[in-house]
Amino acid sequence: MVENRPWLTAFSHLVVILGVLIIAFPVWMTFVASTHDASTMLRSPVPLLPGPYLIQNYKEILFQGYARTSGIPLTIALMNSMIMALGICIGKILISITAAFAIVYFRFPFRMAAFWAIFVTLMLPVEVRIVPTYGVVAGLGMINSYSGLIIPLIASATATFLFRQFFLSVPDELAEASRVDGAGPMRFFVDILLPMSRTTIAALFVIQFIYGWNQYLWPLLVTNHESFYTAVMVVARQATAVDATPSWNLIMAAAMLAMLPPVLVVVFMQRQFVRGLVETEK
Amino acid sequence: MEKRVTFDEKTLPYLLVLPQIVITLVFFFWPSAQMIWQSMLLEDAFGGNTRFVWFENFAHLFQDPAYYRSAAITAVFSGAVAVLGLALSLLLAVMADRVIKGATAYKAFLVWPYAVAPAVVGVLWGFLFNPSVGIVAWALRNLFGYEFNYVLNGGQALVLVVFAAVWSQISYNFLFFLAGLQSIPRSLIEAAAIDGAGPGRRFWTIIFPLLSPTGFFLLVVNVIYAFFGTFGVVDALTKGGPAKATEILVFKVYNDGFRGQDLGGSAAQSAILMAIVILLTVVQFRFIERKVHY
């Protein structure tokens, strides 16, 4: 602190605390709603403090589902989300790290063409090519499959650039030394580069897990069977279903469960998260 | 920058880039090319005849008042999301930066909204403002006598979508602003303080100008986010309604292409959106080049 202004400091604390409370309020209300019974949540004003139905609601949504829309247990949707998020995460890291390795450590015809092809994908988000991409995926018979949920999303310019950036900062002496010792490129990659990339991989893992888990438009396009719906999709479907007496307690319990895994990842891996967020924007 | 030391292999590098390139070609380039091709085709209502019509679909689009309406809604929406999001997160970041003690604790309480899926954010805000059971709608009605019904009122629906979208993006902006603030040399601020500049004056003459690269970067990112990243918020909250009052361009592409089955028109809209995203990406990268020399 440059100078001592107790009032200003107190004011700063007040503003930030107010901000924190306002930001947390929607989630607090969601949590409160998930702990009451359905009829309480239909009487306005709804309670501001938790009720006694927490375990019952979560049990019902997890193992029986929301009968008004589909009635499949949320555990299935959560499992689908987990498979999709981990698949996207691992897939992206795998194909990006190998591509970056090839682009940095080899000289081959079309090297720059490959680099630019990957770069241009930044300018083609799925939102602008919705219909034709759906056509391609349908043509390949990937509707309602995990491969359809995962593979079209794993190309990643940002991850490739991040690894490329990191590899460029690795001292040349390491590659030289391993060559002198007779190690081939794959040996160098597995024994030296991979262990050195640990922190980059961890940062990317956090960011891409959140990205994969929170996908909405893509699963909406490539799935039309309940057994492949993701948790985020199920929550949105339940909440927007036209219904005179919605069970807000169950809808909100599902919403809590759908946001829990990525929020836990951010909270417990905050350092990697911040790093990943800042680095991928370079 | 290039490596001096490289490996000599003929086929290995191709095998290494192959998976990424195949996915890029099959799921990015091929559909994009198809989209541009489709934007010049006209299909009759029964899907029987397809004709090549050059830019007729674009011409239709530019004569369509509904398209201009959607474009105007998108402009208002993204402007509001960017301005409100940046202003609020800058305020929080400046205040958090002032209090050295607790800054990291506050950070932990402000970063997690990033992890909540936009579609879930839509559900959360829809519940708060639900006309029959929403606690905020209730409070507005009974404490302030203000009737808030986003299901019927288009203007209120747009306001609500903006709030939800800002909430979803605020932690991202906050983190970048906080990092920007923490990289400003303390000596500059101390020198100004010794010269007698108060906190307000220091903010506007030193901190704010030094933050402008971060602010500009975030502006571009927020506009890209408002254009493309908010589909989930809109779909879960209003589905573009009521009466298309929140139908932003991305949502219109989806609606016309999937619900309306107007493939040519949807593809033409996609092509225009693609031009916008290319423009924004170029701006973003030009800017980052400058940031290095700043």
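For clarity, every value in this text was computed on a predicted model and none was experimentally measured.

1. A short note on the overall build of chain A
The secondary structure content of chain A amounts to 14 helices and 0 strands. Taken from the N to the C terminus, the helices and strands of chain A come in the order α-α-α-α-α-α-α-α-α-α-α-α-α-α. Taking 19 Å as the expected radius of gyration for a compact globule of 282 residues, we find that chain A reaches 24 Å, considerably beyond that expectation. Its C-alpha atoms give chain A principal-axis dimensions of about 75 × 65 × 35 Å. In chain A, which comprises 282 residues, the proportion classed as buried is 48%. Excluding contacts between residues fewer than 6 apart, the proportion of contacts in chain A whose partners are at least 24 apart in sequence is 74%.

2. Quick look at the overall build of chain B
Within chain B one finds 12 helices and 2 strands. Secondary structure elements in chain B, listed N-terminal to C-terminal, are α-β-β-α-α-α-α-α-α-α-α-α-α-α. Overall size of chain B, expressed as C-alpha extent along the three principal axes, is 75 × 75 × 30 Å. Considering chain B as a whole, with its 294 residues, one finds that 42% of them fall into the buried category. In chain B, 69% of the contacts between residues at least 6 apart in sequence involve partners at least 24 apart.

3. Topic: the packing of helix α1 (residues 6-33) of chain A against helix α3 (residues 65-98) of chain B
Two elements in contact, α1 of chain A and α3 of chain B, have axes whose closest approach is 8 Å; the angle formed by their N-to-C orientations is 135°. When the axes of α1 of chain A and α3 of chain B are compared, the pair comes out oblique. Both α1 of chain A and α3 of chain B take part in a crossing whose hand is left-handed. Residue-level inspection shows Thr9, Ser12, Val15, Val16 and Gly19 of chain A of α1 of chain A in contact with α3 of chain B, the latter providing Leu91, Leu92, Met95, Ala96 and Arg98 of chain B.

4. Examining the interface of chain A and chain B
Facing the 84 residues of chain A at the interface are 86 residues of chain B. Among the elements that make up the side of chain A that touches chain B, the one with the highest residue count is α1 of chain A (14 residues). For the side of chain A that touches chain B, the per-class residue count stands at 63 nonpolar, 15 polar and 6 charged.

5. A look at helix α4 (residues 111-120) of chain A
If you check which residues of α4 of chain A are buried, you get Ala114, Phe115 and Ile118 of chain A. When α4 of chain A is viewed along its axis, its buried side chains cluster within an angular range of 100° and face the same direction. For α4 of chain A, exposure combined with an orientation more than 90 degrees from the buried face picks out Met112, Ala113 and Trp116 of chain A. Contact partners of the buried residues in α4 of chain A: α3 (74-105) and α7 (157-169) of chain A together with α1 (12-38) of chain B.

6. Observations concerning the nonpolar core
Membership of the largest hydrophobic core comes to 169 residues, with the highest contact counts inside it found for Val235, Ala254 and Ala255 of chain A together with Val120 of chain B. Looking at this core, the element that brings in the most residues is α3 of chain A, giving 17 residues. Beyond its immediate stretch of four places on either side in the chain, Ala255 of chain A contacts Thr30 and Val235 of chain A together with Val120, Val123 and Leu124 of chain B.

7. Regarding the environment of Gly264 of chain B
Residues and elements named next belong to chain B. Checked against the element boundaries, Gly264 lands in helix α12 (residues 263-293). Measuring from C-alpha to C-alpha, the distance between Gly264 and Pro185 comes to 55 Å, with 79 residues separating the pair along the chain. For Gly264, the residues in contact, after removing those within four places along its chain, are Gln38, Ser39, Leu41, Leu42, Glu43 and Asn57.

8. Some words on unusual backbone geometry
Phi angles above zero are rare outside glycine, and Asn144 of chain A is one such case at about 55°. Mapped onto the elements of the fold, Asn144 of chain A is located in the loop between α5 (130-139) and α6 (146-150). Despite not being glycine, Lys244 of chain B has its phi angle at roughly 65°, a positive value. Among the secondary structure elements, Lys244 of chain B is positioned in the loop between α10 (231-237) and α11 (249-259).

9. Some points on the confidence of the model for chain B
In this model, chain B carries a mean pLDDT of 85, and residues with pLDDT of at least 70 account for 94%. Interface confidence for the predicted complex, expressed as ipTM, amounts to 0.89; the pTM equals 0.89.

10. Section: the confidence of the model for chain A
Looking at chain A, pLDDT values average 87 and 97% of them are 70 or higher. Least confident of the elements in chain A is helix α14 (residues 270-280) of chain A, whose mean pLDDT is 81; most confident is α3 of chain A, at 93.

11. Topic: the environment of Met196 of chain A
Residue position: Met196 of chain A is located in helix α9 (residues 185-196). For the pair formed by Met196 of chain A and Ala24 of chain A, sequence separation is 172 residues and the distance between their alpha carbons is 38 Å.

12. Quick notes on the environment of Leu86 of chain B
All names here are of chain B. By the element assignment, Leu86 lies in helix α3. C-beta crowding within 10 Å serves as the criterion here: with 20 such atoms nearby, Leu86 is assigned to the buried category. Taking C-alpha positions, Leu86 is 47 Å from Arg51, a pair spaced 35 residues apart along the chain.

Cut-offs used in this document
- Residues numbered from 1 in each chain as written.
- Chains lettered and ligands numbered in written order.
- Predicted model: local features only at pLDDT ≥ 70, side-chain atom pairs only at ≥ 80, totals over all residues.
- Helix = DSSP H or I, 4+ residues; strand = E, 2+ residues; numbered from the N terminus.
- Rg over C-alpha atoms; globule rule 2.2 N^0.38 Å.
- Buried ≥ 20, exposed ≤ 12 C-beta atoms within 10 Å, placed from the backbone.
- Contact = placed C-beta atoms within 7 Å.
- Axes fitted to C-alpha atoms, helices over the stretch in contact; angles between N-to-C directions.
- Parallel < 35°, antiparallel > 145°, perpendicular 65-115°, else oblique.
- Left-handed = near helix turned anticlockwise from the far one by under 90°.
- Nonpolar A, V, L, I, M, F, W, Y, C, P; charged D, E, K, R; others polar.
- Arc of directions from axis to C-beta.
- Core = buried A, V, L, I, M, F, W, Y, C linked by C-beta atoms within 7 Å.
- pLDDT = per-residue confidence, 0-100.

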